[in-house]
Amino acid sequence: MWLYVAVLVGLCYLLRWYREKQVVSHLRDKYVFITGCDSGFGHLLARQLDLRGLRVLAACLTEKGAQQLRAQTSDRLETVILDITKTESISAATQWVKERVEDRGLWGLVNNAGIFHPHCYSEWLKMEAYMDVFKVNLTGLIELTLSMLPLVRRARGRIVNVSSILGRIAFFGGVYCSSKYGVEAFSDTLRRELRHFGVKISIVEPGYFRTRMTEVPECLEKLKQAWEEVPAHIKEAYGQKFFEARELFFGQANGSPYMRREKRITMASNKGCCHVAQT
């Protein structure tokens, strides 16, 4: 019996040794570029990686967001303004990154920037809303990735694309789901194409967390605005009572125990309890 215990203990120590050997070394020499750092996941990730010693290059949409992030991080972290929907902005950001990483290349690229349309039915949205979501969540992500790819390949680095659980199960939000399904397909394809270069591709699929994108008052306001702009024949088909029921359901769903639990998790993460895996 004691022999079995000794073997088990030995295997546990061997497993622990192996896991510790996987920790990335020389973090201060490695650059990571993150999009969507004004708030939410991107903002928190930039702060976490900066604490770990990585050279974080944070892309923000606004100068205000960039200033707030710099005020909470070390002097190592640098920011750049990026509008992921514009080719010239992506090109400028790529050149900015290239000047900083030089021959070392880009060790990590995190495509985090994303937007969500109003929580309403697909038929209620204008085509402009569809295109706005796709430009940020999918085509912008693809264009930025392809632009940065030579730098990532040089470092034999990794690309992390933030998708969503709605990129795996289309539950609501047709255009958002479609954009995230596209992210998953692009990531899976790229993973196979870049395997022989030593580049790793990962997907993160968050559930419902409290970020600026999911703030209830703002989402309800967008829902009302979308309903007001719906053509008359569509309003007539659904009816005012249908809209009011939808509005009530959305408000109640965001006050459910499940949603409150997710919000508590997010608040804990904002206090520094978020763990970042290194591979």
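Labelled according to an unreviewed UniProt entry, the protein chain appears under the name 17-beta-hydroxysteroid dehydrogenase type 6 isoform X2, originating from Ursus maritimus. Per UniProt, the comment on the protein chain under Sequence similarities (unreviewed entry) is "Belongs to the short-chain dehydrogenases/reductases (SDR) family."

Right, let's talk about the side chain of Ser164 for a bit. Examined against the element boundaries, Ser164 turns out to sit in the loop between β5 (158–162) and α6 (174–193). Taking relative accessible area as the criterion, Ser164 reaches 6% and is therefore assigned buried.

So, on to helix α2 (residues 40–51). In this model α2 runs 17 Å from its N-terminal to its C-terminal C-alpha over twelve residues, within 8% of the 16 Å that 1.5 Å per residue would give. Within α2, the full set of buried residues consists of Gly42, His43, Leu44, Leu45, Ala46, Gln48, Leu49 and Asp50. Two residues or fewer past α2, Gly53 is found with a positive phi of approximately 100°.

Following the criterion strictly, the structure yields seven salt bridges and no others. Residue Glu99 pairs with Arg100 through a salt bridge whose shortest N-O separation is 3.8 Å. When its relative accessible area of 23% is taken as the criterion, Arg100 is described as partly exposed. Arg168 is paired through a salt bridge with Glu205; the nearest N and O atoms lie 3.1 Å apart. Here the residue Arg168 occupies a position in the loop between β5 and α6, and Glu205 occupies one in the loop between β6 (200–204) and α7 (216–228), the gap between them amounting to 37 residues. Its relative accessible area of 52% is what places Arg168 among the exposed residues.

Locating Ser187 in the fold gives a position in helix α6. Residue classification places Ser187 among the buried residues on the basis of a relative accessible area of 0%. Excluding residues that lie within four positions of it along the chain, Ser187 makes contacts with Asn161, Ile201 and Ile203.

Turning to the state of the cysteines, a few remarks are in order. Counted by the stated rule, this structure contains zero disulfides. Among the cysteines around Cys37, which has no disulfide bond, Cys60 carries the closest sulfur, lying 5.3 Å off.

This brings us to the pairing of strand β3 (residues 78–81). A regular strand places its side chains so that they alternate between the two faces of the sheet. Relative to β3, strand β2 (residues 55–60) is paired through four bridges, and the arrangement is parallel. In the strand pairing of β3, Leu57 is matched with Glu78. Handedness of the crossover is the feature at issue here: the chain leaves β2, passes through helix α3 (residues 63–71), returns alongside β3, and the resulting connection is right-handed.

Attention now goes to the packing of helix α5 (residues 127–155) against α6. Running from N to C, α5 and α6 point in directions that differ by 15°, and their axes come no closer than 8 Å. Taken together, α5 and α6 sit at an angle that is classed as roughly parallel. Between α5 and α6 lies a crossing whose hand is right-handed. Residue-level inspection shows Tyr130, Val133, Phe134, Asn137, Leu138, Leu141, Ile142 and Thr145 of α5 in contact with α6, the latter providing Val175, Tyr176, Ser178, Ser179, Lys180, Gly182, Val183, Phe186 and Leu190. For the contact of α5 with α6, a count of residues per class yields eleven nonpolar, five polar and one charged.

So, how was this worked out
Residues numbered from 1 in each chain as written. Predicted model: local features only at pLDDT ≥ 70, side-chain atom pairs only at ≥ 80, totals over all residues. Heavy atoms only, no water. UniProt positions renumbered as here; feature names shortened; annotations may be inferred. Helix = DSSP H or I, 4+ residues; strand = E, 2+ residues; numbered from the N terminus. Buried < 20%, exposed > 50% of the residue type's maximum accessible area, 1.4 Å probe, protein only. Expected span 1.5 Å × (residues − 1). Salt bridge = Lys/Arg side-chain N within 4 Å of Asp/Glu carboxyl O. Contact = heavy atoms within 4.5 Å. Disulfide = S-S within 2.5 Å. Pairing = 2+ DSSP bridges. Right-handed = clockwise from strand over helix to strand, strands pointing away. Axes fitted to C-alpha atoms, helices over the stretch in contact; angles between N-to-C directions. Parallel < 35°, antiparallel > 145°, perpendicular 65-115°, else oblique. Left-handed = near helix turned anticlockwise from the far one by under 90°. Nonpolar A, V, L, I, M, F, W, Y, C, P; charged D, E, K, R; others polar.

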